Every structure is written in structure tokens, then in C-alpha cells.
Amino acid sequence: MTYEERIQNVSVLGAAGKMGSGILLLTAVEMANLSLKPENKGKTFVLNAIDLSDEGLAGLRPYIQAQVRKIAEKQTVWLRSVYADRADLIQNGEIIEQYIFDVLNIIRPTTAMEVAYRSSLIFEAVSENPELKVKILSQIDQNNKNQAWYFTNTSSVPIHLIEDKANLTGRVLGFHFYNPPAVQKLVEVITTPNTSKEMVEFASAYAKALRKITVPANDIAGFIGNGHFMRDGLHGLSEATKLSAQFSWPEAVYMMNKVTQDYLVRPMGIFQLMDYVGIDVMQFIMKVMNPYMSDETIHSDVIDQFMELGVKGGQMSSGAQKDGFLKYEKGKPVAAYDPSTKSYISFADFAEKCDAALGAMPDGAVVWKAALRLKNKEEVFSNFFANMKKSDALGAKLGAQYGARSNAIGQKLVSDGVAANAEDVNTVMLTGFFHAFGPVNTYFD
Amino acid sequence: MTAGYNTISLGTGRKEFNPRKERPGLEEYLVEAGQGVLQQIEGGAKSVDESVLGNFMAAHFNHQGNLPGFFPMIDKELEFKPATSVEGACGSGSLSLVSGIKSVLAESAEVVLSMGAEVQNTVKAIYGADILAYAGWFKNRKKGHAYFFPGQFSDRAGAYFEKYDRDRARKGMAQWYANAIENARLDPTAQEYHNTHPDPYGLSYKSEPNGKVFVDHLNYMDCSKVSDAASGIIIASEEGLKRIGIAKKDAVEVVGYAQVIRNITEDPTELTELKAIKTAIQKVFADTGLTIDQIGTIEVHDCFSIAGILTVEALGLAKPGEGCDFVAAGHTKRDGIIPINTTGGLIGWGHPTGGTGVHQAVTIWQQLTGKAGDAQIKISADKPYGMTINMGGDDVTINAIIYKQGE
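Bear in mind the structure is a predicted one, so any value in this text is a computation, not a measurement.

Provide a residue-level description of the domain arrangement of chain A, including the pertinent values.
Residues and elements named next belong to chain A. Segmentation of chain A into domains returns domain 1 (3–217) and domain 2 (225–432). Using only C-alpha atoms to locate each centre, domain 1 and domain 2 end up separated by 32 Å. Counting the surface lost from both domain 1 and domain 2, the interface buries some 1400 Å², and carbon and sulfur atoms represent 60% of this. The tally of links from domain 1 across to domain 2 stands at zero salt bridges. Linking domain 1 with domain 2 are five residue pairs in polar contact (both at pLDDT 80 or more). Elements with a minimum of two residues in the side of domain 1 that touches domain 2: strand S7 (186–190) and strand S8 (213–217).

The following block contains the structure:
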């Protein structure tokens, strides 16, 4: 089966979800681009958008339409050549509308899973529940006569487990997009010893068509991205817990969030990132990962406590941030949750005190956005982190410890065989998490 | 002509421009520029006999036609008086001027309010390109570039590179951009007034054109930006000047003008020459008996840097193929042999398409009467004349006008 044949009938499971809708968008655009090639004229491309939620599917079309418009507006020069033989399409506006129509025309939203029985390629982006994934995939495969290939977007469930239990020997691989898939450049690709060479080659061609960077990760729960993030988050939670001996919980959260953002030159602090991912999602992923860890425990009492309190973070369907550890106004954190009073305490009430406790920022600090553009990153970071290590201020100490812990997590991912090498770990954190420097470095030795 | 007024040219580059926020509409620009003119004359709108507005595409950018009906919004005294709107693409502004000049010459009016306006940040650039493409022959639109006019002038630049020398041409084009920025920084109404780039020349010269994302032979610095603005000026007879209480020295005399059009349905025969512009220039010099050596400053229609360089050649300032060197040598800078576009031109001040022709006249009026503020250049006695060249489409609707301070 050629690349084109494989991608002529595709299904996305969980298509109305955060990840599923992004995968659907990218796949729809790729399929539309193929269908517009002269040699593919007359062929029918079908992309089933399958989801349990009618409401979710109803919201899909406006999302895809708006996103495809943005893509088309940026590619009008090329689209004019694609539609060069269409005498009726003259203006940019007409060409853009036609392209949006052609992409949407491929997508078939439905709640009926049976349509996937005819697909040759199936993307799975349902919730992070191993039993559910196995159940759905086995049902489809038992009824699908195409020897279909299955791409799962799981960020934590071992692929061999799905392969065994759903009886998909050699026909499933992990194709883990980062959130949001339409924007994030990174895809982690996870194979099992049985995965066919053809399938890996297809995955690589498909990723390239989507302009994604792929990093191979070994089939160990959490892979590289969550392997680092879950442990990094746990470290943030444990440091905040230690600080809460001297400070209130909201103060401790504020301080660790600040240290992880400003001192580690990251796009957001660790508590904001945990809210972004969702406290519920974190708990779920930790539960999936933990049974596979022999020498450590991937679990947080604080996360359990917040879940019991119903404080979950995550995002609204509009993409706006829900309140979690922190409360947000116009996307920016402004207060931290106090479990003892079950209310948010404004940063304004304690920021001054906490900033004073953290002490002076080490010399040579650089903000994240500016750091990304630096040409002499290594020199700037070496200088800044050297000053951080020398400083006795509380903030500097917490920052240096955090950097060292992140480094250790990265190295362990290599020694555990999750990542092939340190470079792959760094690529994942640089491209999937937008860090300004890779966790495996010598800055914090 | 007298009592000129320009609004700011709003668009990317201005600090107050935010594409996500609501901005002034066509109405606000017309009111500001119109009242800005009327406040400078005795009797205000009561002294005005008729009005004329140059506009290109309000019907598409603003979903608005029947523009003459907006004049009474500027001032109630303009109601129930004659008004016209004229359209000749980016040459609409000078058509507004010429329409006013003709009314005065025909003695059907003593005082004419001539305006030009365009508000085009209402749509994204990719759709704006469709609207601006109406300045070309629509039957050519299908085979044209997504960015139609940049595509047309990119072809002209490509032909120039091919026929002469790409690097010399690009040096001239980069210097053109540098001059535009230098001059715009001196005029608070200019779109590039807030530009602080330390090396505009290097910025343009080092930016290689990329046909995959834009056009083959021009970079973004070679192009005028998308602008919202309006300009206005009074065109009056000597009687009219008395009526509005303006001394002759505060006005410019229209010494001559040439109005020329080229067949829009035919492609240019020679891409490295702006034939209609050249014809208009020759005509206005022949009519007035003046030569280029007597011109102290010129506003040329640099919708693209290459159009500026080709106009320098059409003016006879340099031989064909050497306009780029003339510009690169600094001869068109504000202290050069012939200062061109002293408030930034279309690339630096801005290009509110249908308003540009009037803006050019306002700049020349300011320069010749000593009202150009920080952008003022010295006008020497042996070169007392100013000139504007306004172009609609790809060398299609042209007006060349020569001015001199009143005495």
C-alpha cells in the first residue's frame, strides 16, 4: 500500500477533543493537499471524525474552518498555483474559500465508530485510559479487513500493552503530538519490537508532510516528554511543600512558580504548566506511569488533595486557561489557591514579602522570550547560572537545585533507555516544552 | 493651492496601530482632514464653492459608495453645494486635484476643497491584495500573483535586474528605502515616524527577495505599506485666495499639469520603462517651458522602490539603467542634488491609495511655503519649482503637476 493509498481513508478517534481536533486538522490538510495533486484527481479521500460527543463534533467545524483559513491565508501564493486550472477561481478570497471547502469536504463527523471499520489508518486520541483504548481498538480491528495501522496519541500508556491486549501485533505505534498539535512542532514516535519497518517509514513521511520534528522514544511509560515533566512537576510540588513549613501554601506556590519561570528561563512556571496540562490529567498520567516504575514513585498527595477539592485546571474549549493551583486573568496568573480556606489569595497580598524572601536575582538574568533569540545562548546561560550557584539568596538556591534536578531527570531518561541519547531529551524539552536550554547540560554541575 | 492638511498615516509601524482594536473609519479621516483645511481659511466652509474627493476602493474596503454625500459631515455649510468623487486607482488623489484645477480654470468655482482618502486596514493584506488588484485589468487577475501589484512591479524589477545589474539595482533600491525612512522620521504624521531601526539600508539590502513567501524580486522594504489616511487642500483662483484671506506667499501656484493615461488592457511594451509617466513628464515640461534643472523637489509615486528608480530615469535625472546608481550615490536624499519624497513618500510616509495624490500636493505646498516643520528642506532661488507625479495602476492613470510659491 502506498502512502497515498494508506491515507485515503482515515479515522480519528476522539476527534472533538483537544488533541484529536488538532490531529484531525493536520491530517485533513495533508489529505486535501494530496487530493489536489493532479495525479490524485477523481480519488475520494475520507477522514472520519469520530467522537462520542455530539456537542463536541458540532464545535469541530468552526474550529477547523477558522484554522484552515489561517493556513490558507499564509499559503495563497502556492494555492493560486494549485487552482491554476480553475477558471472560476480568480481572486485570493475565492481561492481561500475553495480550499477551506475542499478540506472540510474530506471530514465526516460522526458518533458511529463503525465507520472506522473501512479505514486503513486510525488515530487514537481518546482519554488516557488503557482499558478504554484497548477495548475500542480491538473492536475496530476485529471488524476491519484492511489490516489497518493504528497510531495512538497516548502520552503515557506503554505501546506494547496496547499491542498485546488489542491483538495488533506490529500494527500500532505511539505518535505523540504535543498540545496544541497544530502549533507544537514535536512528535514523539514510540515503536515496539514488532512494529513493521513500513509503518515506521510511513510515520516519518507523514510527520514530515505535517512539518513536525520526530524524536524516537523507547516504550517506557511516560516516554520522554511526560517522563521529564511528571518528575519535574513532582519536584516543584515537593519543594513547595518544604517551603510551606515557613510560608503559607499560596506563598510557596507563588515562589516556586516564580523560580521555575524567571530563574530557569522557562515560558511559564511549573505550577502554571501543571494547570495548563490539567491537574486531573497529571493525576491520570501519574497513575498510568507509576506501576511501571521499579525504583521510584510517581505520585503526589498534593495532586490528590486538589482533585478532591475539585480544583483541576486545564483549558476551556475556547483555549482559555481554567483556574487550578493558580487563578488567571487574561491568561496571566494573579492569585494562588489556598486549600485551607478553599479560596484564591491574590499575589498582591504577599508578592512583596515573597520576592524579598527570594532575594536578589543573580546577575546576568535574561527573560525567556529574549533568550530564545540570543545568538550566544551558552555564554549567557553559563554566566547567569554560575552567578546563581554562587549566590546565597533563597531564590538562587532553589533555582540552582531545580536546574540540577531537571538535569538528573534528563540523564536518568537516557540511562533508563527511554531516550536514545541526551540530545533527544533536549530536543523534546526545547521543541515540545519551549525551554530555552535543554535539561541535560553542564550549567548546574 | 493652499491650506493643506494631512491626518497621520495609520498602519503597521505606527505605535497607535493595533490590528485587533477598533480604528477610525473613513468618516473620521474625512472629518479630520476636511476640518483641518477649512480651519485655515477665512469663512471656513462658507467660502468653499465646491468639493471633490479622490478615493479608490471605499466600495470594497468600507462597503461605501456615493462618497460626495460625506462632505456635509465635514461641515454643514458644504450641504447643497456641488461635490464630486473621482477614481483612477492610486492616481485618484491627483484626479481630485486636477478636477479642482479644471473647475477653477473654467471659472465655475473660485475655491475648491480637494481631498483624497483611503481606509484600507479593514481587511487582511491577502484580501486587500484582491481589492487593490482592481487597479489592473481584471482579465489579467487570474494569471497574476496572489499579491497582484507587488507581482507586477516584481516583474519590472526582475526585467531591470536582467537588463542591467541586479546588485547595483538592489543597492539603489535599498538606498531608496533608507531615504524614505530618514525623511519619514522628520514628519510626525508619517507611518514610519516611529521607525528606529539603526540601519534601514542594511535591513533592505540584506533581505533577499523570496518568491516562495512573497514575490521573486522585491522584499517587504521595497513596498509601500497598507495605510489609512486622508489629506485635503484648497485650490483657489486669485479671487478665491482673497476671499479666504490667504496671502499669495502662503500658497503655491499651479504652473502646469499633464494628465496622461495608458491602455489598461495592454501589457507594458518595455518593463524597464514607465512610459505613461515619462510622457506626462515630457508634456508638463513642454507645456511650462521648464526643465528638470529648475525643479527643487519632487514627490514621486514610489509604491515600490523600483517604481521610484524608474521615475528618476523617466525624469531624465539618469540614463536608463543608471537611476539605481543615481539614487545609491545619495543624489535624491534630502540634501542631495534633487531631494525626492522629503516626508518619506509612499514607502515612508504611507500610501493611502486614493489619498496619495493629495498628500503629495500638501507636501510640496509645505516645502515651497516653508511650512514643512522638521522636514523642511532649503529651496534655492534657482530651483524654485516643486513637482508631483501620481500614478494609478501599473503606469496607467498619471498626473504630473508643477508648482511654485505664490508671489
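Give me the lowdown on helix H6 (residues 148–163) of chain B, citing residues and values where you can.
Residues and elements named next belong to chain B. The end-to-end C-alpha distance of H6, which contains 16 residues, comes to 23 Å, matching closely the 22 Å that a straight helix rising 1.5 Å per residue would cover. Of the residues making up H6, those classed as buried are Phe-148, Phe-149, Pro-150, Gly-151, Phe-153, Ser-154, Arg-156, Ala-157, Gly-158, Tyr-160 and Phe-161. Buried positions along H6 lie against helix H5 (125–132), helix H7 (166–184), helix H11 (305–314), helix H12 (323–328) and strand S8 (385–392).

Describe empty space enclosed by the protein, with residues and values.
All names here are of chain A. Per the stated rule, a full pass over the model turns up two cavities of 30 Å³ or more. Counted as a void, the largest cavity has a volume near 60 Å³. Taken together, Leu-264, Arg-266, Gly-403, Ser-406, His-435, Phe-437, Gly-438, Pro-439, Asn-441 and Phe-444 form the lining of the largest cavity. In terms of residue class, the lining of the largest cavity is made up of four nonpolar, five polar and one charged. Taken as a whole, the second largest cavity spans an internal volume of roughly 50 Å³.

Please give an account of the sheet that holds strand S9 (residues 397–405) of chain B that cites residues and values.
All names here are of chain B. Taken in spatial order, the four strands of this open sheet run S6-S9-S8-S7, and their pairing is mixed. The sheet is open, and its two borders are formed by strand S6 (252–261) and strand S7 (295–299), each paired with just one other strand. Within the sheet, the average angular offset between the axes of one strand and its neighbour, ignoring direction, is 15°. Across four bridges, S7 lies against S8 in parallel orientation. Bridge pairing links Thr-297 to Gly-386 in S8. Running over the sheet, helix H10 (residues 275–288) touches S6, S7, S8 and S9 and is turned about 140° from S6. Together, S6, S7, S8 and S9 form the strand contacts of helix H14 (residues 356–368), whose direction differs from that of S8 by roughly 170°.

What counts, and at which threshold
- Residues numbered from 1 in each chain as written.
- Chains lettered and ligands numbered in written order.
- Predicted model: local features only at pLDDT ≥ 70, side-chain atom pairs only at ≥ 80, totals over all residues.
- Heavy atoms only, no water.
- Domains from an automatic or database assignment.
- Buried area = accessible area lost by both parts, 1.4 Å probe.
- Salt bridge = Lys/Arg side-chain N within 4 Å of Asp/Glu carboxyl O.
- Polar contact = N/O pair within 3.5 Å; in protein donor to acceptor, adjacent residues only side chain to side chain.
- Helix = DSSP H or I, 4+ residues; strand = E, 2+ residues; numbered from the N terminus.
- Expected span 1.5 Å × (residues − 1).
- Buried < 20%, exposed > 50% of the residue type's maximum accessible area, 1.4 Å probe, protein only.
- Contact = heavy atoms within 4.5 Å.
- 1 Å grid on protein atoms, 1.4 Å probe; cavity = no way out; pocket = protein on both sides within 12 Å on 5 of 7 lines; lining within 4 Å.
- Points joined across faces, edges and corners; volume = space filled by probe spheres on them.
- Nonpolar A, V, L, I, M, F, W, Y, C, P; charged D, E, K, R; others polar.
- Pairing = 2+ DSSP bridges.
- Axes fitted to C-alpha atoms, helices over the stretch in contact; angles between N-to-C directions.

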